[in-house]
Amino acid sequence: MHYIPEGYSSKTTLRETETAIKLIKDFFENSLAKKLNLTRVSAPLFVLPETGLNDNLNGVERPVSFTGIGTQNRKCEVVQSLAKWKRMALKRYQFGVGEGLYTDMNAIRCDETLDNIHSIYVDQWDWEKVILRDERTIDTLKNTVNKIYEVFLETEQFVGSRFALFEAKLPKEVTFITSQELADMYPELSAKDREAALVREKGAIFIMQIGDKLMNGERHDGRAPDYDDWNLNGDLILYHKLLDIAFEVSSMGIRVDAEAMDRQLEEANANDRRELPYHQDVLKDQLPFTIGGGIGQSRICMYFMDKVHIGEVQASIWEDDMLEYMAEKGVVIL
């Protein structure tokens, strides 16, 4: 469902919007790389399914695929994220502890439900960093989140210095809470409504431990079992005032070790993946211990530019009725 708040109008022209998108992305990317000690690398747009490298997301989304590669006629899948590929790349490129990589990740998620903040086109910065085994802790997760949040604060200051129309909205710090603590706080609400209730009050929250079942038998949200450790992950969520919603801008976590992989594959009934090359590498402790995640490029542009639809900051494909609705409301889609 698409919704435009009453009285909304863009603060920038189409050309000013494009200029601001470039400035925001460049600033954020450079600041993130410095803050986390990351090197930019090139990344694939498609992978071979038999490698096990593609992100299965919640396990039901269909990856876009095609057949090709010269005379071999092999099936290829467009990536849904690079969560697994990055960890293997850190080993291959011989990154050391405390060093990491990031890349522009472009994906097509053909089963996405389209609305104000979801498109079939996904653009994000995927990043990954090598840590020690004994750094696989909640403290490491929180410290990394705080560094990333500093990048958000710095970007907000930069945007305000270049575009006086954009107001500062971020609180000084992010509030941490586990998914179980959130459920205990709002037992009568759905998971998404819990997020919205807390982020309205706090402005910026990081919900930890997503993927495993809560005490009520439900899951806060779905997570693939083979990259994040469900005890050491989370989502960074900001309050989008114009839409009055919980606005997720990043999903991240400390990655599975052999023990966590084994447990989560069993829990997710995904034991068929165990023999894939990536999964074998994890189960045999042949990959570095890492922390990593993704940060939505279009979403941060939406947030900092006070936009109410992701189509205002990225070029994608939309239903005809949505385009007609946007035109009626005077909203310009890229």
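Residues numbered from 1 in each chain as written. Predicted model: local features only at pLDDT ≥ 70, side-chain atom pairs only at ≥ 80, totals over all residues. Heavy atoms only, no water.

A. Quick look at a nonpolar patch on the surface. A contiguous nonpolar surface patch, about 270 Å² in accessible area, is contributed by L45, F46 and F66. Looking at the element boundaries, F66 is found in strand β3 (residues 65-68). (Patch = residues over 30% accessible without salt bridge, like charges linked within 9 Å, V, L, I, M, F, W, Y side chains within 5 Å. Areas by Shrake-Rupley, 256 points an atom, 1.4 Å probe, with all protein chains shown as cover. Salt bridge = Lys/Arg side-chain N within 4 Å of Asp/Glu carboxyl O. Helix = DSSP H or I, 4+ residues; strand = E, 2+ residues; numbered from the N terminus.)

B. Spotlight on the UniProt feature "domain: Aminoacyl-transfer RNA synthetases class-II family profile" (unreviewed entry) in the chain. According to UniProt, the feature "domain: Aminoacyl-transfer RNA synthetases class-II family profile" (unreviewed entry) maps to residues 99-327 in the numbering used here. In the segment residues 99-327, helix accounts for 34% and strand for 26%; the C-alpha atoms at its two ends are 47 Å apart. (UniProt positions renumbered as here; feature names shortened; annotations may be inferred.)

C. Examining the sheet that holds strand β1 (residues 38-40) more closely. Read from one edge of the open sheet, 8 strands run β1-β5-β6-β11-β10-β9-β8-β7, paired in mixed fashion. In this open sheet, the two edge strands, each paired with only one partner strand, are β1 and β7 (175-178). Taking each pair of neighbouring strands and ignoring which way they run, the sheet shows an average axis angle of 25°. Relative to strand β5 (residues 100-108), β1 is paired through 3 bridges, and the arrangement is parallel. For R40, the partnering residue across the bridge sits in β5 and is Y102. On top of the sheet, helix α8 (residues 297-304) reaches β5, β6 (121-130), β9 (228-240), β10 (245-255) and β11 (290-296); it is set at about 55° to β11, its chief contact. (Pairing = 2+ DSSP bridges. Axes fitted to C-alpha atoms, helices over the stretch in contact; angles between N-to-C directions. Contact = heavy atoms within 4.5 Å.)

D. Examining the pairing of β6 more closely. Within β6, 9 of the 10 residues are buried, which leaves the element mostly enclosed by the surrounding structure. Sheet analysis places β5 next to β6, joined by 9 bridges and oriented antiparallel. Of the residues in β6, the one forming a bridge with D104 is W125. (Buried < 20%, exposed > 50% of the residue type's maximum accessible area, 1.4 Å probe, protein only.)

E. View of the side chain of D228. With respect to the helices, strands and loops of the structure, D228 is situated in strand β9. For D228, a relative accessible area of 1% gives the class buried. Among residues more than four places away in sequence, those in contact with D228 are R223, N233, M252, G253, I254, R255, V256 and Q264.

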